[in-house]
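An overview of the molecular structure
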Amino acid sequence: MPSYTAPTKDMQFILHDVLKIEASDIPGYGDLDRDFTTAILGEAGKISSEVLAPLNVVGDTEGCRMENGIVYTPTGFKDAFDQMRDGGWPGIDMPEDYGGMGLPYVMNTATGEMFSSANQAFTMYHGLTHGAASAILVHGTDAQKDTYLPKMVSCEWTGTMNLTEPHCGTDLGLMRTKAEPQDDGSYKITGQKIFISAGEHDMADNIIHLVLAKITGAPEGIKGVSLFIVPKFMVNDDGSLGARNAVACGKIEEKMGIHGNSTCVMNYDGATGFLIGEAHKGMRAMFTMMNEARLGVGMQGVAQAEAAFQNALDYAKDRLQGRDVTGVKNPDGPADPLIVHPDIRRNLMEQKSFTEAARAFLLWGSTLIDRAHRSEDADADGLVSLLTPVIKGFLTDKGYDMTVQAQQIYGGHGYIEEWGMSQFTRDARIAMIYEGANGVQALDLVGRKLGQDGGKHVMAFFDLVKGFCKDNADVEGMEAFVEPLKRASKDLQAAGMYFMQEGMKNPNNALSGSYDFMHLFGHVSLGLMWSMMAKASLEALANGTTDPDFHNTKLATGRFYMQRSLPMTATHLARIQTGADPVMALDAANF
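Just so it is clear, the structure is predicted and the values come from calculations on it, not from any experiment.

Conventions we followed
Residues numbered from 1 in each chain as written. Predicted model: local features only at pLDDT ≥ 70, side-chain atom pairs only at ≥ 80, totals over all residues. Heavy atoms only, no water. Helix = DSSP H or I, 4+ residues; strand = E, 2+ residues; numbered from the N terminus. Rg over C-alpha atoms; globule rule 2.2 N^0.38 Å. Buried < 20%, exposed > 50% of the residue type's maximum accessible area, 1.4 Å probe, protein only. Patch = residues over 30% accessible without salt bridge, like charges linked within 9 Å, V, L, I, M, F, W, Y side chains within 5 Å. Areas by Shrake-Rupley, 256 points an atom, 1.4 Å probe, with all protein chains shown as cover. Salt bridge = Lys/Arg side-chain N within 4 Å of Asp/Glu carboxyl O. Axes fitted to C-alpha atoms, helices over the stretch in contact; angles between N-to-C directions. Parallel < 35°, antiparallel > 145°, perpendicular 65-115°, else oblique. Contact = heavy atoms within 4.5 Å. Nonpolar A, V, L, I, M, F, W, Y, C, P; charged D, E, K, R; others polar. Expected span 1.5 Å × (residues − 1). Arc of directions from axis to C-beta. Core = buried A, V, L, I, M, F, W, Y, C linked by side-chain atoms within 4.5 Å. Pairing = 2+ DSSP bridges. Left-handed = near helix turned anticlockwise from the far one by under 90°. Lys, Arg positive; Asp, Glu negative; His and termini not counted. Charge placed at Lys NZ, Arg CZ, Asp CG, Glu CD. Phe/Tyr/Trp six-rings, centres within 6.5 Å; stacked < 30°, edge-to-face > 60°. Polar contact = N/O pair within 3.5 Å; in protein donor to acceptor, adjacent residues only side chain to side chain.

This next bit is on the overall build of the protein. Within the protein, the regular secondary structure consists of 19 helices and 11 strands. Against the compact-globule benchmark of 25 Å for 591 residues, the protein has a radius of gyration of 24 Å, which places it among compact chains. Once the C-alpha set of the protein is aligned to its principal axes, its extents read approximately 80 × 60 × 60 Å. Expressed as a percentage of the 591 residues in the protein, the buried residues total 57%.

Structure follows, in structure tokens:
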């Protein structure tokens, strides 16, 4: 059975040596000293490896089942959920006023990666609750916050987000779910939603559904969509649970992966709902939850890649296969271990160099969210908005690729369920689809985010890279990072310039290159992360670190990425500059 060990040492390096969080001026960061984060990450790592990881295969093989309208989660899930609740993990970054720990979001990201690596399907139950609670926190009334947040922060009650319908996914303006106003100010919600993660289960006393619907007489399209709180059980004035609401699970979806999470068809038959935020402004409220969810999904891609890599590495060290062409390395055995072979090394280095940089990218992005929210910094908010589709799209694409490469290390055993590697691949695959399929992320990046605020935020990113390169151009040991980063950044700027020049003539010239641009942007972002990590490791070595092996390994891994992965920016640029003609050459009938 696969195992998992939380990469706490690497997280500490990123948080303290690279991002230097305790020296940051972001409110709350001054409390995040190394001893404190060590304790938090250590406990999260322990519950991940000892409680959640052993249930990962259980959830995959058992799945969820529905009997007489009740959904039962896999064996052990309820006990594990109780332990998560008792530890306060679901509310690690939620306000103390509602029972949370009040820590910065960056700590939620770090612990969330561990939980997701250990058991993605399980972690979704409280992860989605966090998103729903965040939407209520930002857009709900004081009464709504007081009614729902204490129980949701503790995960005594869980939450969902209900967007998709059988006939519409990305184009939510086509939704048919209706909200009929009532004399008491509530609404009757009628319709069907599909693909609702954690829509019904047996681990919480109540489930608070956030549902997009159209109020009777609302404007057509997306401008007529509103958001509603629809509890599974009505909540009495004293906070106790009342009657069952008219919402029920119609069925559990049969899925490729994340079997331990109950993905439900939800039927609303005149269910009582309460408007959250302004009428016809539902997408504004929902995007509070969706943007957070998209970062969380990017994290899932990295988390599955990390778990798969750890197991592939162990296998490569243990499995005997063939002899090293440069000389026998295991003379007492019938063969040498797989890890001696260059192609196995290439495979493992691609995985390692991706996951470590991707982790840094996620944690850096989380500090931007903290700066935006805790310091009310509009520039940080704009930059993380620009980066969100890159984090979601690029990290899940590459995260899935890495699980496939980890599976490949095992040869035929990677295809056999007994070894558990296929679960990482199957679980990672959904991350490329939900919370906005990655093609939509690319369109959002090119069609909306590049030009946002007059292109201010993408220019800020370019200036950030340029400033880093200038400041470190003459630093000994940094040339191997600065020069490749400069070249990659120029490719990214050239792609942006192409869109500006050719996109005005024919929008398809930009849109046909959007997916390549998302990956180009992702590679530059990870190149920047590796350059920042290299600088930190060089400084540690110069200052006489007690762990030179860690930092020398970090530098070698980073140089691999800069030499072997970052040059892909030139390929993506070349593809972008071919424009729309090759893409649109065939009539639909000729495919």
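This part covers a nonpolar patch on the surface. On the surface, Tyr-415, Ile-416 and Trp-419 cluster together into a nonpolar patch covering about 350 Å² of accessible area. Summarising the element assignment, Trp-419 is placed in the loop between helix 10 (378-409) and helix 11 (421-429).

The next subject is unusual backbone geometry. Backbone geometry at Ala-198 places phi at a positive 60 degrees, although glycine is not the residue there. Within the secondary structure, Ala-198 is located in the loop between strand 5 (187-197) and strand 6 (206-215).

On to the packing of helix 1 (residues 8-18) against helix 17 (residues 548-565). The relative placement of two packed helices comes down to the angle between their axes together with the axis-to-axis distance. Contact pair helix 1 / helix 17: the axes reach a minimum separation of 13 Å and the direction vectors enclose 80 degrees. One finds that helix 1 runs roughly perpendicular with respect to helix 17. Along its contact with helix 1, which presents Lys-9, Asp-10, Phe-13 and Asp-17, the element helix 17 presents Phe-550, His-551 and Lys-554. Looking at the contact of helix 1 with helix 17 residue by residue, the class counts come to two nonpolar, one polar and four charged.

The next thing to look at is helix 13 (residues 456-472). Counted at 1.5 Å a residue, the expected span for helix 13 with its 17 residues is 24 Å, and the 24 Å between its end C-alpha atoms agrees. Inspection of helix 13 places His-457, Val-458, Phe-461, Phe-462, Val-465, Phe-468, Cys-469 and Asn-472 among the buried residues, and these make up the whole buried set. End-on, the buried residues of helix 13 take up no more than an arc of 155 degrees, which puts them together on one face. Along helix 13, exposed side chains directed more than 90 degrees from the buried face belong to Lys-466, Lys-470 and Asp-471. Where helix 13 is buried, its residues meet helix 9 (342-374), helix 10, helix 14 (479-503) and helix 16 (514-542).

In this structure, Leu-395, Phe-461, Phe-517 and Phe-521 are the most contacted members of the largest nonpolar core, which totals 137 residues. Leaving out residues up to four positions away in the same chain, Leu-395 has contacts with Gly-298, Gly-301, Val-302, Phe-354, Ala-358, Phe-361, Leu-362, Val-390 and Leu-526.

Across four bridges, the pairing between strand 4 (residues 178-181) and strand 5 is antiparallel. Following the sheet pairing, Ala-179 is matched in strand 5 by Ile-189.

A word on the packing of helix 14 against helix 17. Helix 17 packs onto helix 14 with a crossing angle of 25 degrees between their chain directions and a minimal axis gap of 10 Å. By the angle class used here, helix 14 and helix 17 are roughly parallel. Our pair here, helix 14 against helix 17, has a crossing hand that is left-handed. Counted together, Ala-480, Phe-481, Pro-484 and Leu-485 of helix 14 and Leu-555, Gly-558, Arg-559 and Met-562 of helix 17 form the full contact between these two elements.

A separate point is the pairing of strand 9 (residues 241-244). As paired strands, strand 8 (residues 233-235) and strand 9 are joined by two bridges and run antiparallel to one another. Across the sheet, Phe-233 pairs through a bridge with Arg-244, a residue of strand 9. Between the end of strand 8 and the start of strand 9, which pair antiparallel, lie five residues, with Gly-239 showing a positive phi angle near 90 degrees.

Before going further, it helps to examine the environment of Gly-333. Summarising the element assignment, Gly-333 is placed in the loop between helix 8 (282-318) and helix 9. When the C-alpha positions of Gly-333 and Glu-22 are compared, they lie 50 Å apart, and in sequence the two are 311 residues distant.

Our focus in this paragraph is a negative patch on the surface. Where like charges cluster on the molecular surface, the negative patch consists of Glu-22, Asp-31, Asp-33 and Asp-35. Within the fold, Asp-35 resides in helix 2 (residues 34-52).

Before going further, it helps to spend a moment on the packing of aromatic side chains. Scanning the model with the defined rule gives 14 aromatic pairs in all. A ring pair is formed by Phe-13 and Phe-550, whose centres lie 5.3 Å apart and whose planes are at 70 degrees; its orientation type is edge-to-face. Here Phe-550 lies in helix 17 and Phe-13 lies in helix 1, a separation of 537 residues in the sequence. Overall, the relative accessible area of 2% leaves Phe-13 in the buried class. The class of Phe-550 is buried, set by a relative accessible area of 17%.

The next thing to look at is the pattern of salt bridges. A complete count under the given rule lists 29 salt bridges for this structure. Here Glu-113 makes a salt bridge to Arg-359, at a shortest N to O gap of 2.8 Å. Of this pair, Glu-113 sits in helix 5 (residues 105-118) while Arg-359 sits in helix 9; the two residues are 246 residues apart in sequence, bridging distant segments of the chain. A single burial state applies to Glu-113 and to Arg-359, both of which are buried. One salt-bridge network, held together by shared partners, links Asp-10, Glu-113, Glu-306, Lys-352, Glu-356, Arg-359 and Lys-554.

Here we come to the side chain of Asn-509. Tracing the chain through its elements places Asn-509 in helix 15 (residues 507-511). A relative accessible area of 10% places Asn-509 in the buried class. There is a polar contact of 2.9 Å between the side chain of Asn-509 and the backbone nitrogen of Ala-580.

Another point: the side chain of Glu-356. As for its position among the elements, Glu-356 is in helix 9. Judged by its relative accessible area of 9%, Glu-356 is buried. A polar contact is formed between the side chain of Glu-356 and the side chain of Lys-352, at a distance of 2.6 Å. Excluding anything up to four places from it in sequence, Glu-356 contacts Asp-10, Ile-14, Trp-530, Met-533, Lys-554 and Thr-557.

A few words now on the environment of Asp-269. On the secondary structure map, Asp-269 appears in strand 11 (residues 263-276). Contacts of Asp-269, omitting those with residues within four sequence positions, involve Ile-189, Thr-190 and Ala-246.

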